[in-house]
Amino acid sequence: MLALFTALPIGAVHAQDIVLGASIQLTGPVANTGRYYRDAYQIAVDKINAAGGVKIGDQTHKLALKLYDNQSDVNLSVRQYTQLVSQDKVNLLLGPFASNFALADSAVSEKYKVPMVQGGGASDQIFARNFKYIFGTLAPASNYFGSTIDMLKELKPAAKTVALLYADDAFDVSVAQGTRPMLKEAGLDIAMDERYSTNNSDFNTLLSQIKSKQIDVVLVAGHETEILNFVRQAKSLAVAPKLYSFTVGVPSEDFRKALGRDADYAFGMTPWLPSPELKDRWFGDAQKFATEYKAKYGYNPDYHAASGVADVEVLVQAMENVGSTDPQKVRDELTKIKLDTLYGPVAFSKNGQINLPQVVVQVQGDKLVEIYGAKGLINQPKYPMPAWSARH
């Protein structure tokens, strides 16, 4: 029995509706991030419907969502995507959260030749298989630490040694593979290069090594719960390198609330911040979107939510451009689409992925501060990080 989650306010799909289907983590270990996609898809569908829906030729259609809860289980997710296309006959697909899910689920969209636009999986592996029906709105995982490493070159006192820690899933392995050559090119010594198992809760051994080797910079590619454990254990063992940076968590309000003052000085990255300069057709701009999202759901959107909205917007624009919901025509249009979204400009490269520069952010007191972007330093970082005992 599949766990069905339908997010339709009307409770049913009408025959004329254009149905977008997805399987998302609404329960299980990664549900905290999975909900961004459920909420993003829903707010986008509601907004587009309120503006009249989707214009196909001279007719307008309402959008509808068909969502399943994959319970954070990859095998269930694959079965649910198979059901969405083979039995539910949805028109087009939106993605799950997380690279290992997108990697598995995109095989379904490829088999049935139904395009999937997803903003939940960034692993380079997803896009290295020459698939024709998968499109991604996250920047390549291999370049997540690129802007952080560029920033490191400018910091004083200069960092010399780096610990690279990463979880053993598709996304984090891609991050590590891309980070190693960038660190070498920057003249940094990789003093530790350690893979740990996903959902690891004990970092004490790794932290003890970081401390004994007096490593300057710690880069961690992992999941939010792992990063929370890492920071808490770093405090309990009094491990304070000059800088640590994490692929996830730092831009998220929940993460900062969970750690309180202990989140201070942590670096992270985001391809998106709610700037009024990012204009789009339906919400007006990213700042207006962020305000609406917070009012509707009671929490602030981060880049996961923004990429989820962009996925819906891109599919709608592609359908309108070709005047059809035909999966093949929509797929062909996606290969050449250029669209300004509230998430940023979307234009897919030959492999189906987009590239957006990551802005380095840092927690400074009760604020998330932009530190380093495509054009260099934006604000001064708090660096080096003080010892835990020296914090107020």
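Right above here is the structure, for reference.
Residues numbered from 1 in each chain as written. Predicted model: local features only at pLDDT ≥ 70, side-chain atom pairs only at ≥ 80, totals over all residues. Heavy atoms only, no water.

A. The arrangement of the overall build of the protein in detail. Across its full length, the protein holds 11 helices and 20 strands. For a compact globule of 392 residues, the expected C-alpha radius of gyration is about 21 Å, and the protein comes in at 21 Å, within 12% of that figure. Principal axes of the C-alpha set define a box for the protein whose edges measure 65 × 40 × 35 Å. For the protein, buried positions account for 58% of its 392 residues. Considering only residue pairs separated by 6 or more positions, the protein has 69% of its internal contacts joining residues 24 or more positions apart. Here the protein displays about 15700 Å² of accessible surface, and carbon together with sulfur accounts for 50% of that area. (Helix = DSSP H or I, 4+ residues; strand = E, 2+ residues; numbered from the N terminus. Rg over C-alpha atoms; globule rule 2.2 N^0.38 Å. Buried < 20%, exposed > 50% of the residue type's maximum accessible area, 1.4 Å probe, protein only. Contact = heavy atoms within 4.5 Å. Areas by Shrake-Rupley, 256 points an atom, 1.4 Å probe, with all protein chains shown as cover.)

B. Molecular detail of the packing of aromatic side chains. With the rule as written, the count across this model stands at 16 aromatic pairs. Arranged with centres 5.3 Å apart and planes meeting at 85°, the rings of Tyr 293 and Tyr 299 form a pair that is edge-to-face. In this structure an aromatic cluster arises from ring pairing among Tyr 36, Trp 272, Phe 283, Phe 289, Tyr 293, Tyr 297 and Tyr 299. Over the face of the ring belonging to Tyr 36 we find Arg 35, whose NZ or CZ atom lies 5.3 Å from the ring centre. (Phe/Tyr/Trp six-rings, centres within 6.5 Å; stacked < 30°, edge-to-face > 60°. Lys NZ or Arg CZ within 6 Å of the ring centre and 35° of its normal.)

C. Quick peek at the pairing of strand β11 (residues 217-221). With five of its five residues buried, β11 lies for the most part within the structure. Of the two faces of β11, both are covered, the one formed by Val 217, Leu 219 and Ala 221 as well as the one formed by Val 218 and Val 220. Both strand β9 (residues 161-167) and β11 contribute to a ladder of five bridges, which runs parallel. Paired with Tyr 166 across the bridge in β11 is Ala 221. As judged from the four bridges shared by β11 and strand β12 (residues 243-246), these two strands associate in the parallel manner. Within β12, the position partnered with Leu 219 by the bridge is Ser 245. Traced from β11 through helix α7 (residues 224-236) to β12, the parallel crossover comes out right-handed. (Pairing = 2+ DSSP bridges. Right-handed = clockwise from strand over helix to strand, strands pointing away.)

D. The arrangement of the packing of helix α2 (residues 74-86) against helix α3 (residues 99-112) in detail. Relative orientation of the contacting elements α2 and α3 amounts to 25°, with a least axis distance of 9 Å. Considering the angle they form, α2 stands roughly parallel to α3. In terms of crossing hand, the pair formed by α2 and α3 is right-handed. Of α3, the residues touching α2 (which contributes Val 74, Ser 77, Val 78, Tyr 81, Thr 82, Val 85 and Ser 86) are Asn 100, Phe 101, Ala 104, Asp 105, Val 108 and Tyr 112. Across the contact of α2 with α3, the residue classes break down as eight nonpolar, four polar and one charged. (Axes fitted to C-alpha atoms, helices over the stretch in contact; angles between N-to-C directions. Parallel < 35°, antiparallel > 145°, perpendicular 65-115°, else oblique. Left-handed = near helix turned anticlockwise from the far one by under 90°. Nonpolar A, V, L, I, M, F, W, Y, C, P; charged D, E, K, R; others polar.)

E. Representation of the packing of helix α6 (residues 204-212) against α7 in the model. At a minimum axis separation of 10 Å, α6 and α7 run at an interaxial angle of 55°. One way to sum up the angle between α6 and α7 is to call them oblique. Two packed elements cross with a definite hand, and for α6 against α7 that hand is right-handed. Contacts between α6 and α7 involve Asn 204, Leu 207 and Ile 210 from the former and Phe 230, Gln 233 and Ala 234 from the latter. A class-by-class count of the residues in the contact of α6 with α7 yields four nonpolar, two polar and no charged.

F. Looking closely at the pairing of strand β19 (residues 367-373). By the bridge criterion, five bridges tie strand β18 (residues 359-364) to β19 in an arrangement that is antiparallel. Within β19, the residue paired with Gln 364 across the bridge is Lys 367. As paired strands, β19 and strand β20 (residues 376-377) are joined by two bridges and run antiparallel to one another. Its bridge partner being in β20, Gly 373 is matched across the sheet by Gly 376.

G. Fine view of the environment of Ala 104. Within the element layout of this structure, Ala 104 appears in helix α3. Residue classification places Ala 104 among the partly exposed positions, given a relative accessible area of 24%. Apart from residues no more than four positions distant in its own chain, Ala 104 is found in contact with Val 74 and Val 78.

H. View of α3. Spanning 14 residues, α3 covers 20 Å between terminal C-alpha atoms, matching the ideal 20 Å at 1.5 Å per step. Regarding α3, the residues found buried are Ser 99, Phe 101, Ala 102, Leu 103, Asp 105, Ser 106, Val 108, Ser 109 and Glu 110. Looking at the buried side of α3, the elements it contacts are α2, β6 (92-94), β7 (116-118), β8 (134-136) and α5 (170-185). Downstream of α3 by one or two residues, Lys 113 has phi in the positive range, about 55°. (Expected span 1.5 Å × (residues − 1).)

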